[in-house]
Amino acid sequence: MKKLGILFVVLCALGVHAQEVKNDNEQDRKEIKVDKKNERKEMLAQNLDSLTKMINQKAFALEASMIRDRYQTYNVLQDNNFIKVDGDEVIIQTANASRIGRNGMGGVTVRGQMISYDVTEAKNNTSVIMTVSTFALGTVNINLSVNSIGNATAYINGNFGLRATFIGDIVAINDVRQFEGMPQF
């Protein structure tokens, strides 16, 4: 009987100790989770700041991985489909390797001069509204939105019914790896 009583007391003590260890592990996990969340917020804030700085300097390119028109969405090569802003010059290019186009790459390459450029900063993204004057397309409005990860969407609207959406990543102008076709004019 004495042995059974001692065994019961020891088992109860081990159970209480195990529960305390479990509570400590849960608190440690919660602290680690909060720390990781804070680190991610800081990293995203720093990334958005660097992207905003690049956008304000007018030295960036949107490398499109998808292009949408009025009716369809196309998966495209980032190297050949882009919107490039270098100071007041803007280059818009689409290309398709399986077709013949005006730029020699199965698409269109248009150069233009920026007329207006307005940057708006929000908590999680940066937006740019720019108007570009081109010879081939007339006046084009580009509404660009960039999130803190670097993903961007650009809506292009032109005078003659042009509507396209470029979806991809924003890169610095010195990291550009695009191949530029022959421009229209």
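Residues numbered from 1 in each chain as written. Predicted model: local features only at pLDDT ≥ 70, side-chain atom pairs only at ≥ 80, totals over all residues. Heavy atoms only, no water.

Q: Mind showing me how you'd approach the overall build of the protein here?
A: Across its full length, the protein holds one helix and nine strands. Helices and strands appear in the protein in the N-to-C order α-β-β-β-β-β-β-β-β-β. Across the 185 residues that make up the protein, the buried fraction comes to 33%. For the protein, the share of sequence-separated contacts (at least 6 apart) that also reach a separation of at least 24 residues comes to 47%. Carbon together with sulfur atoms contributes 54% to the accessible area of the protein, which is approximately 12100 Å² in total. (Helix = DSSP H or I, 4+ residues; strand = E, 2+ residues; numbered from the N terminus. Buried < 20%, exposed > 50% of the residue type's maximum accessible area, 1.4 Å probe, protein only. Contact = heavy atoms within 4.5 Å. Areas by Shrake-Rupley, 256 points an atom, 1.4 Å probe, with all protein chains shown as cover.)

Q: Is there a simple way to think about the pattern of salt bridges in this case?
A: Side chains carrying opposite charge are able to pair once their charged atoms draw close together. Counted by the stated rule, this structure contains two salt bridges. Between Asp88 and Lys58 there is a salt bridge, and its shortest N-O distance comes to 3.3 Å. Of this pair, Asp88 sits in the loop between strand 3 (82-86) and strand 4 (89-94) while Lys58 sits in the loop between helix 1 (2-56) and strand 1 (59-68), and the two are 30 residues apart along the sequence. Exposure remark for Lys58: the relative accessible area of 22% places this residue in the partly exposed category. (Salt bridge = Lys/Arg side-chain N within 4 Å of Asp/Glu carboxyl O.)

Q: So what exactly am I meant to see when it comes to the side chain of Gln93 here?
A: The topology assignment puts Gln93 in strand 4. Within the structure, the side chain of Gln93 is placed 2.8 Å from the side chain of Thr109, a separation counted as a polar contact. (Polar contact = N/O pair within 3.5 Å; in protein donor to acceptor, adjacent residues only side chain to side chain.)

Q: Mind showing me how you'd approach a positive patch on the surface here?
A: Among the surface-exposed residues, Lys33, Lys37, Lys41 and Lys123 lie close enough to one another that they form a single positively charged patch. In this fold, Lys37 is placed in helix 1. Note on Lys37: relative accessible area 53%, which makes it exposed. (Patch = residues over 30% accessible without salt bridge, like charges linked within 9 Å, V, L, I, M, F, W, Y side chains within 5 Å. Lys, Arg positive; Asp, Glu negative; His and termini not counted. Charge placed at Lys NZ, Arg CZ, Asp CG, Glu CD.)

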